[in-house]
Amino acid sequence: MKNIVAICENLQSAEAIKLAGKELGINVVCEIQENCKIQNEISEAEIRKACAVLFVISFEVEDIEKIERFIDCEYYEVEPKYVINDAKSVIKEIMEEIN
């Protein structure tokens, strides 16, 4: 099973991307960063296992807390509204680019 790590700015986008991943056979592990605070930090092991990191944010990637954890990772950015509206398409697009 493929793994994606998602850094989300809110619970709604995290839930949407996890559900879409499950339906597509992709394991999605989410970390929520709301109001410049990490609510549930993803482990280094989870990050290393991931084939991609998805930043589901409406702010700059440089403003992600502990951004250095993602150096050398294949990453993608998307605004939360796109994940909330159609998370499956977001995951499918990422997987097409990876494969």
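Scroll up for the structure.
The rules we used
Residues numbered from 1 in each chain as written. Predicted model: local features only at pLDDT ≥ 70, side-chain atom pairs only at ≥ 80, totals over all residues. Heavy atoms only, no water. Pairing = 2+ DSSP bridges. Helix = DSSP H or I, 4+ residues; strand = E, 2+ residues; numbered from the N terminus. Contact = heavy atoms within 4.5 Å. Axes fitted to C-alpha atoms, helices over the stretch in contact; angles between N-to-C directions. Polar contact = N/O pair within 3.5 Å; in protein donor to acceptor, adjacent residues only side chain to side chain. Buried < 20%, exposed > 50% of the residue type's maximum accessible area, 1.4 Å probe, protein only.

(A) How the structure looks around the sheet that holds strand β4 (residues 52–56). Strand order in the open sheet made by the five strands is β3-β2-β1-β4-β5, with mixed pairing throughout. Looking at strand neighbours, the two that pair on one side only are β3 (37–38) and β5 (75–78), the edges of this open sheet. Both strand β1 (residues 2–8) and strand β2 (residues 26–34) contribute to a ladder of seven bridges, which runs parallel. Along β2, the bridge assignment pairs Ile-4 with Val-28. Lying over the sheet, helix α1 (residues 11–24) contacts β1, β2 and β4, oriented at roughly 175° with respect to β2. Packing of helix α3 (residues 80–98) onto the sheet brings it into contact with β1, β2, β4 and β5, and relative to β5 it is tilted by some 155°.

(B) Seen up close, the side chain of Glu-31. Summarising the element assignment, Glu-31 is placed in strand β2. A distance of 2.8 Å separates a polar atom in the side chain of Glu-31 from a polar atom in the side chain of Arg-69.

(C) Spotlight on the environment of Leu-24. Structurally, the position occupied by Leu-24 is in helix α1. Residue Leu-24 is classed as partly exposed on the basis of its relative accessible area, which comes to 30%. Expressed as a C-alpha distance, the spacing of Leu-24 and Cys-8, which sit 16 residues apart in the sequence, is 19 Å. Ignoring any residue separated from it by four or fewer positions in sequence, one finds Leu-24 in contact with Lys-88, Ile-91 and Lys-92.

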